[in-house]
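Summary of structural features
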Amino acid sequence: MGSGVQTRVAETYHPHAPFRDELFEPDGTPRPAAVALVHELRRLGPEGLMEAGRRRDAIFMQQGITFETSGGAGSSHERPFPLDLVPRVLSGEEWRAIKRGLAQRIRALNHFVDDVYHAREIVREGLVPWRLVASCSHFARAVHGIRPPGGVYTHVAGCDLVRHSDGSWKVIEDNVRIPSGISYVLENRAAMARLVPELFGSYRVRRVDHYPQLLLGALRAVAPSAESEATVVVWTPGPANPAYFEHAFLARQMGVELVEASDLVVRDDVLYTRTTRGLERAHAVYRRLDDDFVDPLEFRPDSLLGVPGLVRAYRAGSVAIANAFGTGVADDKAIYCFVPEMIRFYLGEEPILDNVRTYLLSDPEVLEHVLERLADLVVKPTGESGGKGVMIGPHADEAEIERMRALIQADPERWIAQDVVRLSTVPTVAADGTLVPRHVDLRPFAVFGERIDIVPGALTRVALEEGSLIVNSSRGGGSKDTWVLEDGDDADRAGPPIADTLPPALPDLRYGAWVGQQQQQQQGSLGD
Amino acid sequence: MHFAIRYLTDYEYDAPVTDNLNALRVRPATTSTQRCDEFHTRIEPEARVSRYLDYFGTEVLEFGITMAHERMTIDVRARVVTSPHPDPPEGSWESLRSGAYIDAAGEFALPWQDQPPLTGLEELERALDADSPLETLQLLCEVVPERFEYRPGATYVGSSVSDLLELRAGVCQDFAHLSLVLLRRRGIAARYVSGYLWAAPADEGTDSVEVDTHAWLEALLPSSDGGGEPVWVGADPTNRKLADETYVKIGHGRFYADVPPVKGLYLGGANSELMAAVTMSRLDPQTSARA
Amino acid sequence: MLARIAHELYWLGRNLARAEFTARAAEAVFQSEIQGTTESLSSVSFGSGGLLAMLGDVDEQSSSGEALGQLTLDPEHPGSMLASVERAREGARTVRDVISAEMWEAINTTSLRLRGGGQPGWSAPAGPYYASQYVKERTALIWGVANRSMLRDEAKCFLDAGGLIETSDMVLRMLRVALPPGDSAADVHALILLQAVGGFHAYLRAVTSPPNAHPVARFLLFERAYPDSVAACVDSLHEAFMAADVGPRNSKPVLRVSRLAADLDFQRRALPEGAELTGICEQVQGELTRIDQDVAERYFAGAASAGERR
């Protein structure tokens, strides 16, 4: 790599005003925390990054870390998961604020789920309109009045955060049904350590690989098994599911069975797995499918998927379900507007993380105002997740906006509108190996068992197309490894202490060659 | 009135089945105008029955038969006393917008989600124009059976309102569903009711009839002076009248799927044949009923 | 067969296993050291210092990078992977007529590729990591070739015996270095030990407890279903000597191995959960050293004797 190449990486990097770039100052110099990283990136150069990219694709294909993309005409092909090789760096201080804000939010959401299915105090206080709750498509009447072990509903949560141009973090969406992506957090880290270990050089990046143990611990903590070690299973809809890789990954990492509906049966309000040794009881289920498909007796009657009687077992308290049934009511996009109120009402605290300004369209005045400004707003369907049905006003053409206008007018309660957030950017490796700014969001993951644990890391999703604000992997987004740095500098990192009694030196083979034994004759000279 | 109700269901399977899980919503409710005095269930093959109150307050009986069987019987007996319903209130259309009304209406005023958009309702709606919500409700009980034919077998349990609109025929479940849609479009909260109906010929001294489970609806009508509590009033668009003491309510919901009398499924490739019969008998002297 | 040949094969096995486990441990330590600690869990102490200590190198206080460098491609350091592979190659050359051509080729290629700083892409700081990965893959391949291409005769028994005794010795060394003393081990997680041995997945399938120091140590010591556990190695060692020995009934090494196997089985059942294990590791390792001496005496008589380096 010549010196010309070395300078090219940094020199061609221009942050896109007015968006905040997380590694570079507006003038194109690296931010303090990124100096060493940028130095290493320069050393690697475009060729080095492209070479590492090729190795990444080969490794991901080998390990089957892929996703399906449809190539039109019904054909689909596997592509390696697009991990960008430039990590995103968060300081310990920034992380602590996010973490506290997230824990606060999840605690409030959990309270809300409990409240909605029991006393409805927040409704009686007039803070959340009941009709809004009741019209949520994920409001689960079947689990009304059921309180799971420990009062925990949202065992696994992931909130989507974005960073505004002023540097503040805002929550854009909550995910307390079946948030996915944690496997990529772990796999991204492992791949980065393998592909570009030099980037870690002078950083002290906090580990994320204990997540499966945290999850398993939380599931065991809420599992109703007094006498023995609780049996935990991961329930997947099957290999056809786009997130099957993650389901298998988590089951393998936790060392528990990955089950499908046909492996489960409920007898007398107790859930069992069918094994070669007969029925064996399952105490906790980490389920990775929607409420609609878990129990045909209680939810969608037209679906014969699922495990008949599971809700019965859940109601009887013989099995813990993570996340609990009916949590979808808390991450509905219309309910999202009320989360700051929930935090004040249930916890008596001020929210640490702000919402993005959101417009509820059930109010005719707001509706009118929003319909006038559709081209400046983001419109989202309330009951969907994963970026489905989202329209970004500034990026939509006239026809799209008109289509959306008609949809909203037909059923205003099913939509919300939000201000456009100026998503921050992070340098990203382009096809020619140079770095270009691309928009990112952040999805940290929390585990709620006996307490709330948040792994120091997150899925950073990146929009790979220039100027695009859509980061969902199903719509052409990629991801980045997210580094949360340890506090303190490199110097106070002493190695761990070593045990007192140490093993002996390694034995080695020694040939039994003949060794001569002779005595040298020494005789002093008498003369001197 | 005093009734004895027997609801007998018999499933016969052409091959053994296992894991037969069922949920029953069959117990008469206790309300201001009816009281359930006795209630028994017998399941064969024998099964442990557990009960709970669902979201809408209906008692649900659940049981599961694990071992292989080729026949299942559900035998339900109940005794109920009903009393005449008070006169329905005649509150104004304006009262529908009061806070008390909106609170009481809750989710029963919301449009029915997950339904395909309905067309051709305008003419029906025009026919329901009236001076008060009560009058609209009464008109509804005339208009629906006039425009649609009551024809068992025309629709099935999962039929939608648009099926009814297309076929111009259906059963009580479909009539109730259509009525709910029409009322809610007018801003009147309405809910689906499942129950039993004493369908004896009015002038005969019959003391026992073979009936079926029945469906009607309840509409929330504002109180006459507009200031008091709104009242749920039963109405039966199949039999062209408001509900009275011949109606025995089991429970209510937003629509059929919230209060199905029997819901179940089993494991196995067998076909089943269903035999269901509801027998209602009057226990009090006939004279008092006619008086 | 000739005592000298048996002796060479035995040490070929030992050197191959040593290179493999040094590589595995170096890789795990490298992976772990580029990242920080976890917040909620404390981990067993197994860093680059521990790695050197594990190989019996106590005097040197080197930095992490140096330590890994020494352990991988440093030709001057007798504990480096390169040195182990070179010794294996020397041994293999001596017994070229006994092992298959394929196996010789596999060993020879590995050694040639590692010399002179390894491959062009293996420049620091990630070099040790790439080298470790390479050695790991190659040793797996060499053992695979041996199992498929060598006759299951006396020669194979001695090759296997060397590999087995070295594997159990390395696992014990790792445990002795990493296991925290006394009761402090209860909540300390030991993922890195599992990663270093390569038994992470097997552990998760076999044990329900989280991978904390005690259950992990028990697993690596006693779990006979896991091929690289000490107990499983000792069992296989017994089989190998039974097959190779002319008179196993009064053979000192056979009797000693069989006693050790029984002893491990007894300890597994008798020891309460959470009991201190470092003492046992030390004992078992001592016993393995004695077995090694017995082996030299009985089978290699006069050819050579194992002893401590330096």
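See the structure shown above.
Residues numbered from 1 in each chain as written. Chains lettered and ligands numbered in written order. Predicted model: local features only at pLDDT ≥ 70, side-chain atom pairs only at ≥ 80, totals over all residues.

With that out of the way, let us pick up the overall build of chain B. For chain B, the helix and strand inventory stands at six helices and 15 strands. The C-alpha atoms of chain B give a radius of gyration of 20 Å, which matches the 19 Å a tight globule of 291 residues would have. Overall, the C-alpha framework of chain B stretches about 60 × 50 × 35 Å when taken along its three principal axes. Burial analysis of chain B (291 residues in total) assigns 39% to the buried set. (Helix = DSSP H or I, 4+ residues; strand = E, 2+ residues; numbered from the N terminus. Rg over C-alpha atoms; globule rule 2.2 N^0.38 Å. Buried ≥ 20, exposed ≤ 12 C-beta atoms within 10 Å, placed from the backbone.)

All right, on to the overall build of chain C then. The number of helices and strands found in chain C is 13 helices and one strand. Walking chain C from its N terminus toward its C terminus, one meets helices and strands in the order α-α-α-α-α-α-α-α-α-α-α-α-α-β. Buried positions account for 55% of the 310 residues belonging to chain C. A separation threshold of at least 6 residues defines the contact pool for chain C, and within that pool the share at least 24 residues apart is 69%. (Contact = placed C-beta atoms within 7 Å.)

This part covers the sheet that holds strand β12 (residues 320-322) of chain A. All names here are of chain A. Strand order in the open sheet formed by four strands is β7-β6-β11-β12, and the pairing between neighbours is parallel. The open sheet has two edge strands, β7 (257-259) and β12, and neither has a second partner. Each strand of the sheet is rotated relative to its neighbour by a mean of 25°, with strand direction disregarded. In this structure, strand β6 (residues 232-235) lies alongside β7, joined through three bridges in parallel fashion. Paired with W235 across the strands is V259, a residue of β7. (Pairing = 2+ DSSP bridges. Axes fitted to C-alpha atoms, helices over the stretch in contact; angles between N-to-C directions.)

Turning our eyes to something else, we now look at helix α12 (residues 252-270) of chain C. All names here are of chain C. With 19 residues, α12 ought to run about 27 Å at 1.5 Å a step, and its terminal C-alpha atoms sit 26 Å apart, in line with that. Residues P253, V254, V257, L260 and L264 constitute the buried set of α12. All buried residues of α12 lie within an arc of 125° about the axis, which places them on one face of the element. Relative to its buried face, α12 has exposed residues pointing more than 90 degrees away, namely A262, F266, R269 and A270. In the core, the buried residues of α12 are packed alongside α10 (213-222), α11 (230-244) and α13 (278-299). (Expected span 1.5 Å × (residues − 1). Arc of directions from axis to C-beta.)

Here we take up the interface of chain B and chain A. On the chain A side, the residues contacting the 16 residues of chain B number 17 residues. Residue assignment for the side of chain B that touches chain A shows that the elements contributing at least two residues are β1 (2-24), β4 (59-65) and β14 (262-267) of chain B. Sort the elements by how many residues they give to the side of chain B that touches chain A and β1 of chain B lands first, with three residues. Residues of the side of chain B that touches chain A, tallied by class, amount to seven nonpolar, four polar and five charged. (Nonpolar A, V, L, I, M, F, W, Y, C, P; charged D, E, K, R; others polar.)

Residues and elements named next belong to chain A. As summarised here, the arrangement of the four strands in space is β14-β17-β15-β16, forming an open sheet in which the pairing is antiparallel. Only two strands of the sheet have a single neighbouring strand rather than two, namely β14 (358-360) and β16 (391-392). By the bridge criterion, three bridges tie β14 to strand β17 (residues 415-419) in an arrangement that is antiparallel. Each bridged residue has a counterpart across the sheet, and for T358 the counterpart in β17 is Q418.

The next point concerns the packing of helix α7 (residues 154-178) of chain C against α11 of chain C. All names here are of chain C. Put simply, α7 and α11 touch, their axes get as near as 9 Å, and they point 160° apart. Put simply, α7 runs roughly antiparallel to α11. For the pair α7 and α11, the sense of crossing is left-handed. Contacts between α7 and α11 involve E154, C157, F158, D160, A161, L164, I165, T167, S168, V171 and L172 on the former and, on the latter, V230, C233, V234, S236, L237, A240, F241, A243 and A244. Of the residues assigned to the contact of α7 with α11, the class counts are 15 nonpolar, three polar and two charged. (Parallel < 35°, antiparallel > 145°, perpendicular 65-115°, else oblique. Left-handed = near helix turned anticlockwise from the far one by under 90°.)

The next thing to look at is the environment of A119 of chain A. Residues and elements named next belong to chain A. Tracing the chain through its elements places A119 in the loop between α3 (92-116) and α4 (121-124). Judged by local crowding, A119 falls into the exposed class, with 10 C-beta atoms found within 10 Å. Separated by 26 residues in the primary sequence, A119 and G145 place their C-alpha atoms 8.8 Å from one another.

Take the environment of L121 of chain B next. Residue and element names in this part refer to chain B. Position of L121 among the secondary structure elements: in the loop between α1 (99-105) and α2 (122-127). For L121, a count of 14 C-beta atoms within 10 Å puts it in the partly exposed group. Residues L121 and I65, spaced 56 residues apart in sequence, show a C-alpha to C-alpha distance of 45 Å.

It is worth spelling out the pairing of strand β20 (residues 445-448) of chain A at this point. Residue and element names in this part refer to chain A. Where burial is concerned, the two faces of β20 agree: the one with F445 and V447 and the one with A446 and F448 are both buried. Bridging between strand β4 (residues 156-163) and β20 involves three bridges; their strand directions are antiparallel. Paired with G158 across the strands is F445, a residue of β20. For β20 and strand β21 (residues 452-454), the ladder comprises three bridges, and the chain directions are antiparallel. Paired with F448 across the strands is I452, a residue of β21. Counting the residues between successive antiparallel strands, the hairpin from β20 to β21 contains three residues.

With that settled, the discussion passes to the packing of helix α1 (residues 3-33) of chain C against helix α4 (residues 81-94) of chain C. Working note: a packed helix pair is described by the angle between its axes plus the distance between those axes. All names here are of chain C. Between α1 and α4, whose axes approach to 8 Å, the crossing angle comes to 155°. Overall, the two elements α1 and α4 adopt an arrangement that is roughly antiparallel. In this structure, the crossing between α1 and α4 has a hand that is left-handed. Residues E8, W11, L12, N15, L16, R18, A19, T22 and A23 of α1 form the contact with α4, whose participating residues are M81, S84, V85, R87, A88, G91, A92 and T94.

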